[in-house]
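Observations on chain architecture
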Amino acid sequence: MKESLGSRLFDAGNVTLLSVAGLLALFPLYYVFVVSFTDPSEYILKQGLVLFPHHWTLSAYKYLLSTRTFMNATGVSVFLATVGTVLSLIVTSALAYGLSRKRLLGRRVIMLLILITILFNPGIIPHYMLIRNLGLIDSIWALILPALASGWNVILMKSFFDNIPVELEESAAIDGCYDIGIFVRIVLPLSLPSLAAFGLFYAVAYWNTFFNAVLFINDNTKWPLQLVLNNMLINSSTSAGGSAAAEMMAEQTIPTETLKMAAVVIAITPIVLVYPFLQKHFAKGVMLGSVKG
């Protein structure tokens, strides 16, 4: 059927509007990327307005990667994103699998407790007092243990495990497989879409750890990348964070703005690189529990 003139004009208007909105959304990312690779002399000459640089350089990246503060922060963030994600997936999947099986004693009580954690937030002060009483202040584990499992993620993963046929487990049990073996050898391989989806959620959350670091980490050698980046962008010389950022950017001839842009690019690159490898499973994982029957 031939489309009417009004329909074609409407489609053209939609395409134009969405294209403009997309360009406006991508422009800040483009500008950050371009400035981070711009030669310092060209950046200074153009007074910061660089859209199409003539001279590209890695000087900002080389300098950042040579500083102890930035490398320590990167190492902390990598540790959080890897170890934290693995531990969170283990705890979340094990808890969700147990709750999905009706033979678990106290199943309803545990579900109620998980729902309470979703509905009610105790606040910052009780959270801080708990971490302090556990002796985790200035410990990397203070950024991992409180975030090991999300109640919402547990419920969503439980809905996925509910759809796994019980007959598969019964067959494995007849062959002499124990509960842990059933979970590791049968359930987890069938749960790759959910593990990929929640693994990406947890990895992004750990990589972007900021607020908990502000609360619990006083030693700037244990700061994650996002906290160091925040202090670089704010560049507050009156705070301890500002002094750490000033120390990192001292004795260099590269413009401060170029260093900031390079730090932003480094901070967002790992997640951008990981997502394409998980996209296949991620598309299935985000549909957890949306279709029944």
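Our structure's up above, just so we're on the same page.
1. Concerning helix 1 (residues 5-37)
In an α-helix, one turn spans 3.6 residues, which is why side chains three or four residues apart end up on the same side. The end-to-end C-alpha distance of helix 1, which contains 33 residues, comes to 46 Å, matching closely the 48 Å that a straight helix rising 1.5 Å per residue would cover. The largest bend in helix 1 is about 35°, located at Leu 26, with the proline Pro 28 one to four residues further on. Within the sequence span of helix 1, burial applies to Val 32, Val 34, Val 35, Ser 36 and Phe 37.

2. Here's the deal with the packing of helix 5 (residues 107-119) against helix 7 (residues 151-162)
Axis separation between helix 5 and helix 7 bottoms out at 8 Å; the angle between their running directions is 135°. With respect to each other, helix 5 and helix 7 are oriented oblique. From helix 5, Arg 107, Met 111, Ile 114, Leu 115 and Ile 118 reach across to helix 7, where they touch Gly 151, Trp 152, Val 154, Ile 155 and Lys 158. Split into classes, the residues belonging to the contact of helix 5 with helix 7 amount to 7 nonpolar, 1 polar and 2 charged.

3. A word on unusual backbone geometry
Here the phi dihedral of Asp 138 falls at roughly 65°; this positive angle occurs in a residue that is not glycine. Relative to the elements of secondary structure, Asp 138 occurs in the loop between helix 6 (124-133) and helix 7. On the accessibility criterion, Asp 138 (24% relative accessible area) is partly exposed.

4. Some details on the nonpolar core
Membership of the largest hydrophobic core comes to 57 residues, with the highest contact counts inside it found for Leu 64, Leu 80, Phe 161, Val 187 and Leu 259. With 9 residues, the single largest contributor to this core is helix 4 (residues 68-100). The residues contacting Leu 64, other than those within four sequence positions of it, are Phe 70, Met 232, Leu 259, Ala 262, Ala 263 and Ile 266.

5. Things to note about the packing of aromatic side chains
Applying the stated criterion across every chain yields a total of 11 aromatic pairs. Ring geometry for Phe 160 and Phe 161: centres 6.2 Å apart, planes at 70°, overall edge-to-face. The buried category is assigned to Phe 161, whose relative accessible area is 0%. An aromatic cluster is built from Phe 33, Phe 37, Trp 56 and Tyr 61, whose rings are joined through pairwise contacts.

Conventions adopted
- Residues numbered from 1 in each chain as written.
- Predicted model: local features only at pLDDT ≥ 70, side-chain atom pairs only at ≥ 80, totals over all residues.
- Heavy atoms only, no water.
- Helix = DSSP H or I, 4+ residues; strand = E, 2+ residues; numbered from the N terminus.
- Expected span 1.5 Å × (residues − 1).
- Bend = angle between axes of the 7 residues up to and from the residue.
- Buried < 20%, exposed > 50% of the residue type's maximum accessible area, 1.4 Å probe, protein only.
- Axes fitted to C-alpha atoms, helices over the stretch in contact; angles between N-to-C directions.
- Parallel < 35°, antiparallel > 145°, perpendicular 65-115°, else oblique.
- Contact = heavy atoms within 4.5 Å.
- Nonpolar A, V, L, I, M, F, W, Y, C, P; charged D, E, K, R; others polar.
- Core = buried A, V, L, I, M, F, W, Y, C linked by side-chain atoms within 4.5 Å.
- Phe/Tyr/Trp six-rings, centres within 6.5 Å; stacked < 30°, edge-to-face > 60°.

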